[in-house]
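# Structural overview
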Amino acid sequence: MSVSAPAGATIPVGTETPTVTSLGPASAVTSTSVAEQVGDRIWTITSGVSPVQVGAFDPVGKTVDRKFSLPTGAGAWAMTHLGTDLYIGLYTPGDVYKVDTTTGTAAKVAQFGSFIWSLAATPDGKIVAGTYPDGAVHEYDPATGATKSYGAAVAGEQYVRSIAADATTIYAGVGTKAHLVAIDRATGARRDVLPAKYADRTFVATLALDGTKLAASLSPTGTMLVYDTADLSNPVEVQTPGGDQYITAITIDGPDIYLGTRPSGTLYRYRDGTLTRLGSPYDGAYFNRIFVDGAALRAELTSQVVDFDEASGTFTGTDLGQAGLPPAPEQAMAIAATPTSVLVSGKAGVQVHDLATGGSSRTFLPGEAKTMTPVGNSVYLGVYTLARLWQMRPDGTGLHELGQIGNEQTRPTDAAYDDRSRTWLISTEPDYGKYDGTLVEQHLDGGAREVHRGVVPHQSVRSVTTADGIAYLGGATRNSLGTDPILPKATVVAFDPRRNRVLWESAALPDAQTYSDLVLYRGRLYATTDDGRLAVIDPATGKLVGSATLGTGQSRLTIARSGLYGTDNKRVFKVTPSPTGAPTVSTVVDGLAAQIYSYPLITTSSTGDALYTIKGRDLVRIGGLR
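Quick notes on the rules
Residues numbered from 1 in each chain as written. Predicted model: local features only at pLDDT ≥ 70, side-chain atom pairs only at ≥ 80, totals over all residues. Heavy atoms only, no water. Phe/Tyr/Trp six-rings, centres within 6.5 Å; stacked < 30°, edge-to-face > 60°. Helix = DSSP H or I, 4+ residues; strand = E, 2+ residues; numbered from the N terminus. Buried < 20%, exposed > 50% of the residue type's maximum accessible area, 1.4 Å probe, protein only. Lys NZ or Arg CZ within 6 Å of the ring centre and 35° of its normal. Pairing = 2+ DSSP bridges. Salt bridge = Lys/Arg side-chain N within 4 Å of Asp/Glu carboxyl O. Contact = heavy atoms within 4.5 Å. Axes fitted to C-alpha atoms, helices over the stretch in contact; angles between N-to-C directions. pLDDT = per-residue confidence, 0-100.

Applying the stated criterion across every chain yields a total of 16 aromatic pairs. Residues Trp-43 and Phe-68 carry aromatic rings whose centres are separated by 6.4 Å and whose planes lie at 55° to one another, so their mutual orientation is tilted. With Trp-43 in strand S4 (residues 41-46) and Phe-68 in strand S6 (residues 63-69), this residue pair connects regions lying 25 residues apart in the sequence. Each ring, one from Trp-117 and one from Tyr-159, has its centre 6.3 Å from the other, and the planes form 45°; the classification is tilted. In this pair, Trp-117 is assigned in strand S11 (residues 115-121) and Tyr-159 in strand S15 (residues 159-165), connecting sequence segments 42 residues apart. Comparing Trp-117 with Tyr-159 shows no difference in burial state: the two are buried. Following the ring pairs from residue to residue traces out a cluster consisting of Trp-77, Tyr-91, Phe-115, Trp-117, Tyr-132, Tyr-159, Phe-203 and Tyr-432. A cation sits over an aromatic face here: Arg-411 above Tyr-384, 4.1 Å from the ring centre.

Okay, the pairing of strand S26 (residues 274-279) next. Sheet topology note: the strand S25 (residues 266-271)/S26 ladder contains 5 bridges and is antiparallel. Within the sheet, the bridge partner assigned to Tyr-268 lies in S26 and is Arg-277. Between the end of S25 and the start of S26, which pair antiparallel, lie 2 residues, with Asp-272 showing a positive phi angle near 50°.

On inspection of all chains with the given rule, the structure shows 31 salt bridges. Taking the shortest distance from any N to any O, the salt bridge between Arg-185 and Asp-124 comes out at 3.0 Å. With a gap of 61 residues between them, Arg-185 in the loop between strand S17 (179-184) and strand S18 (190-192) and Asp-124 in the loop between S11 and strand S12 (127-132) connect regions that are remote in the sequence. The exposure class of Arg-185 is buried, given its relative accessible area of 9%. You can call Asp-124 partly exposed: its relative accessible area is 45%. Taken together, the salt bridges that share partners define one network made up of Asp-40, Arg-41, Asp-58 and Asp-65.

Next up on the list: the environment of Thr-92. Along the chain, the position of Thr-92 falls in the loop between strand S8 (85-91) and strand S9 (95-100). Classification of Thr-92 by relative accessible area gives partly exposed; the value is 47%. Taking the C-alpha atoms as reference points, Thr-92 and Ala-76, 16 residues apart in sequence, are found 9.3 Å from one another. Sequence-distant contacts of Thr-92, that is, excluding residues within four places in its chain, are made with Gly-73, Ala-74 and Ser-114.

A few words now on the sheet that holds strand S39 (residues 423-430). Pairing is antiparallel in the open sheet, where 4 strands are placed in the order S38-S39-S40-S41. Two strands lie at the open edges of the sheet, namely strand S38 (409-418) and strand S41 (449-453), each paired on one side alone. Taking each pair of neighbouring strands and ignoring which way they run, the sheet shows an average axis angle of 20°. Pairing analysis gives 8 bridges linking S38 to S39, with the strands arranged antiparallel. The residue of S39 that forms the bridge with Gln-409 is Pro-430.

A residue-level look at the protein chain finds 98% of positions with pLDDT of 70 or above and a mean pLDDT of 95. Taken together, the stretch residues 1-10 has pLDDT below 50 and engages in 27 contacts with residues farther than four places along the chain or on a different chain.

Pairing in this open sheet of 4 strands is antiparallel, and the strands run S50-S51-S52-S53 from one edge to the other. The outermost strands of the open sheet, each flanked by one partner alone, are strand S50 (556-560) and strand S53 (584-589). Direction aside, the axes of adjacent strands within the sheet are offset by 30° on average. Where strand S51 (residues 563-567) meets strand S52 (residues 572-576), 4 bridges bridge the pair, whose relative direction is antiparallel. Its bridge partner being in S52, Tyr-565 is matched across the sheet by Lys-574.

Further remarks concern the environment of Gln-404. Within the secondary structure layout, Gln-404 lies in strand S37 (residues 400-404). Once the C-alpha coordinates of Gln-404 and Val-461 are considered, the two residues, 57 residues apart in sequence, prove to be 17 Å apart. In contact with Gln-404, other than residues within four places in its own chain, are Gln-245, Pro-263, Leu-386, Ala-387, Arg-388 and Arg-449.

Our next topic: the environment of Val-305. Examined against the element boundaries, Val-305 turns out to sit in strand S29 (residues 304-309). The class of Val-305 is buried, set by a relative accessible area of 1%. Considered as a pair, Val-305 and Ser-33 are 272 residues apart in the sequence and their alpha carbons are 12 Å apart. With residues up to four places along the chain from it excluded, the contact list for Val-305 reads Ile-42, Phe-57, Arg-298, Ala-299, Glu-300, Thr-316, Gly-317, Thr-318 and Leu-320.

This part covers the pairing of S4. With 6 of 6 residues buried, S4 is to be regarded as a mostly interior element. The alternating pattern of S4 places Arg-41, Trp-43 and Ile-45 and Ile-42, Thr-44 and Thr-46 on opposite faces, both of which are buried. As defined by bridge partners, strand S3 (residues 32-38) adjoins S4 across 5 bridges and the pair is classed as antiparallel. Considered in S4, the bridge of Ala-35 is made with Thr-44. As defined by bridge partners, S4 adjoins strand S5 (residues 53-58) across 4 bridges and the pair is classed as antiparallel. Its bridge partner being in S5, Ile-45 is matched across the sheet by Val-54.

Here it is as structure tokens:
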């Protein structure tokens, strides 16, 4: 989070007398990322809301009949169990909780850094964990309370995304450069058992172990390898069809291996060398866990538990929110305003705030909208993961996919609309461990798509704006998670899409690592940095003509009828241009304490007379601007 000003800086309070109106929770969701069956209950936990809620789902009664909150953590990706004791691994911080499922009591028993990606139980009653950003394997002994670390699974790698263990060996699935590491539990000795031909993959993302059968998934090719742990040298490759990139869940049941894929959201069964498609509950379904319970086959998804009837090939689902795990305010991810609505995105959906009624509803989205761009009677969404492009109406109806960016890109970072060419421009960050982001031209007339990779050299593209057919792009030296910067500082680029030509490149401010936002205002290009600075650039030449201090972190800018505004999560400020090139910055509204996911959020009403931003986890309207 950024603060209003660095030590020694003075950010004066402006003369405006704004009105601040709360419109209620910006975005509310029931979203889960992990599940574990203990006895006859499926346990899960919410993510991205505070406090996180642990719930036990009864698959017979279709209700969440036990529920409680944990005092720490922003969510969880990891669960396992020993007998009737459930273990949950959290992130921010990486706390481990033990839940006695017979009594419903929970206690923190360990902490492993800031983020636990994976947990597994060993046959002799230990809990092993894979963590980020140390990329390490840790162990907790419930009998004694002792912990130990096996250290980084692979030197230089940050993620142990998946983990499994037997009596002698811990298996750690690593990224952003894929490795499958077998660690001797007694000596700590390790060896990479991923065949060299898969070294170009990003993650060993999912592991399942039953007896001597170990199944591992590889991203981003949707590949599964099946090992015999008695001889790890010759795994069997199973390739999912149809362009799926991820296998998010694997369950081994005797001769059968069940797996769920993305982005199609398909359930498969692998048996005797044959992969069989069983079906999909809906397009884009994210399988957190697949359960085989006697004759029943079911899965826990983002916000549902579904049962699969193989005879009919159909799924029936129970919404966890309706079952007793209700939506809660989450950290917002993107914001946009239309004449009839204000849209706030989050996990697996978009909250639609109706300006006429004051109420809100939620539109399900298989992913997270990182950008939302209103154009006429449509809103265009740039969606993580897989850099998917979607379109819907301002009321949340008519949602449909336009396509995927591809080119090893996963995260849309910003977007703008060029009215002259009827082109939606999207900037992106590449997949884990990859380099060079893109500028994407999605032509709204005709639907053609052009992808320009590496236009901002050796950087991801963090921000984009446009005027008179020219795109202005802000770079970020960190190309993607799991990479080291190539360049010492970020640059801003002017690019002519019609001629596919870079007009200029400028390292406008010394040592800037990210240009968080770009806005063209009154003939100048305003660029914010990740360390709280503002550059004023001549858009014709790229030369710096002025600068100012905004704070100590990222800021987002927006243009209203009364001027240029921005937010750094702490406050809303106004930027007033100066003939000398050095603008003045004044505080309009303070005390926001915005709890958002990633970069600050602010937008202007369609009429230009008000701003919308986040205060705490609420959507607020700021009027009375002049």
